[in-house]
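# Architecture and fold: a report
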Amino acid sequence: MKRFTMNLENKAPASDSSLRALAIYLPQFHPIPENDAWWGKGFTEWTNVTKARPRFPGHYQPQLPADLGFYDLRLAETREQQASMAREYGIHGFVYYHYWFNGRRILERPFEEVLKSGQPDFPFCLCWANENWSRRWDGQELDVLLRQTYSEDDDLNHIRYLAPMFADPRYIRVDGKPVFIVYRMDLFPNIKRTTDIWRNEAHRLGIGDLYLIQVDRVGHDGDLTATGFDAAMEFHPDYHHLPMRYVGKYKDRFFNKTGLYKPPYYKDNIYEYEKYIQNAMSKAQSKYKLFPGVTPDWDNSARRKQDATIFLGSTPELYENWLRDVVKKFKPYSKEENFIFINAWNEWAEGNHLEPCQKWGRQYLEATLNALNNGKSQDI
């Protein structure tokens, strides 16, 4: 078995800030055979984005790209432009969604070309999006297209596949340990057994130890040792703490006197962004190692004909206030355990993107840089 040696001397330089802001990155913007078969020839995420329409007065849809246009992630020039823009506005690196179904890969081409070419020279890590691949893109979540199953053999095959990625000098690390994120650790039959297998095999391959992060979406008792993870990360929006049908100052627009949605708004779940971030900022400090996160907005109505989740009233100023509050309060757990996660860099069909759109231009990027520069955490 090939052993992998990490070249840490050539690692991309760390940010000048005491914090590392990482933006989640969706690789869905290029055609693949599976999407051609499931959704029609030439389907990409842009297909959903461009067909979105406003569902009520003042609803910002469709959300269309500005500076980068309707790009194709098969193009190296596009990937370079994204990294250059992210770096300019204080983003330390990308968290690429990684899709693995018992050895079958989906949407792997953009990242694999980043890996093979060495470009862009921009830090990255992987997040395994380990849910079933289903028709949730249009709200039909029970229609499973690719099912996720788990086994010890698959655990071994998976970590062996990831070894070359972990050895890349651009890979994001904590004290030399490659960071690997799992989106739904609750779906595993025995997650502690899986993390043990990963760690043991990583040592055998010469990778060394791993730094494992679980997405903190479903709640747990804070005992990370029971799952084998080093830390958790916030992922917004956090549906488990979302106030039901709360629209604040928009109440009269959507509710009747009995508190029920007026037609046709009962088909969607509508919330006030400002109230949501107030709740997030007042959240009690966790008792376990939890990296904070933010989102500039959320609106997945481009993917769902009904039962969409829509935030109202997001502005760059509100987002900047939230991120500034996070930066001010967050004290890194160590010099390199200093992550803030932003969901997302380019989730256009979910309405949460830092990339410039036709309404706001670069204002959310500017807000990100302002918050990171003006609310720096204490140095370790």
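Read on for a plain summary of the structure. All residue numbers here refer to positions counted from 1 along the written sequence of the relevant chain. Reporting of local features is limited, given that this is a predicted model, to residues whose pLDDT is at least 70; pairs of side-chain atoms are given and counted only at 80 or more, and all residues count toward the totals for whole chains, interfaces and linings. Processing note: side-chain calculations cover all non-hydrogen atoms of the structure and skip hydrogens and water entirely.

## Quick word on unusual backbone geometry
Counted only if it meets this: Comment: elements are numbered from the N terminus, with helices defined as DSSP H or I runs of at least four residues and strands as E runs of at least two.
Note the cis peptide between Q61 and P62, where omega equals -5 degrees. As for its placement among the helices and strands, P62 is situated in the loop between α2 (45-51) and α3 (76-88). With omega at 20 degrees, the peptide bond leading from N343 into A344 counts as cis. Relative to the assigned elements, A344 resides in the loop between β16 (339-342) and β17 (346-347).

## What about the nonpolar core?
What counts, and what does not: Residues belong to a common nonpolar core when they are buried Ala, Val, Leu, Ile, Met, Phe, Trp, Tyr or Cys residues joined through side-chain atoms within 4.5 Å. Burial here depends on accessible area, computed with a 1.4 Å probe over protein chains only, as a share of the maximum for the residue type. Under 20% is buried, over 50% is exposed, and the range in between is partly exposed. Any pair of residues with heavy atoms lying within 4.5 Å of one another is described as a contacting pair.
In this structure, F180, I181, I213 and W345 are the most contacted members of the largest nonpolar core, which totals 105 residues. For this core, the element with the most residues is helix α9 (residues 316-329), which contributes six residues. Contact partners of F180, with chain neighbours within four places excluded, come to H98, L126, W128, H158, L162, F166, Y171, W198, Y211, L212 and I213. Of all hydrophobic cores here, the second largest spans eight residues; its members include Y250, I270, A308 and L312.

## Quick word on helix α5 (residues 152-166)
Let me state the cut-off plainly: Here the expected span of a helix is defined as 1.5 Å times the quantity of residues minus one.
Taking 1.5 Å as the rise per residue, α5 with 15 residues should run 21 Å; its terminal C-alpha atoms sit 20 Å apart, in good agreement. Along α5, the residues that are buried comprise D154, D155, H158, I159, L162, A163, M165 and F166.

## What about the pattern of salt bridges?
Condition: The rule for a salt bridge is simple: a side-chain nitrogen of Lys or Arg has to be within 4 Å of a carboxyl oxygen of Asp or Glu.
A full pass over the atoms with the stated rule returns 25 salt bridges. The shortest N-O distance in the salt bridge between E152 and R193 comes to 3.1 Å. One end of the pair, E152, is in helix α5; the other, R193, is in helix α6 (residues 191-204), and 41 residues separate them in sequence. A cluster of three or more residues bridged by salt bridges with shared partners is formed by E45, R303, E347 and E350.

## Quick notes on the pairing of β16
Rules: For two strands to be treated as a pair, DSSP must find at least two bridges joining them.
Neither face of β16 is left uncovered, since the one carrying F339 and F341 and the one carrying I340 and I342 both have all their residues buried. Relative to β16, strand β1 (residues 20-25) is paired through four bridges, and the arrangement is parallel. Its bridge partner lying in β16, R20 is registered against F339. With two bridges connecting them, strand β14 (residues 293-294) and β16 associate as parallel partners. Paired with G293 across the strands is F341, a residue of β16.

## Some details on empty space enclosed by the protein
A probe matching the size of a water molecule, rolled over the atoms, marks out where space remains unfilled. Rules: Put plainly, a pocket is an open set of points on a 1 Å grid over the protein atoms alone with protein on both sides within 12 Å along at least five of seven lines, a cavity is a set where a 1.4 Å probe fits but cannot get out, and a lining residue has an atom within 4 Å of a point. Grid points are joined across faces, edges and corners, and a volume is the space filled by probe spheres set on the points. Residues are sorted three ways: Asp, Glu, Lys and Arg are charged, Ala, Val, Leu, Ile, Met, Phe, Trp, Tyr, Cys and Pro are nonpolar, and all the rest, Gly among them, are polar.
Under the definition given, this model contains two cavities of 30 Å³ or more. In this structure, the largest cavity occupies an estimated 80 Å³ of space. What lines the largest cavity is simply Y60, Q63, P296, D297, S314, G351, H353, C357, W360 and Y364. For the lining of the largest cavity, the class distribution of residues is five nonpolar, four polar and one charged. The volume enclosed by the second largest cavity comes to roughly 40 Å³.

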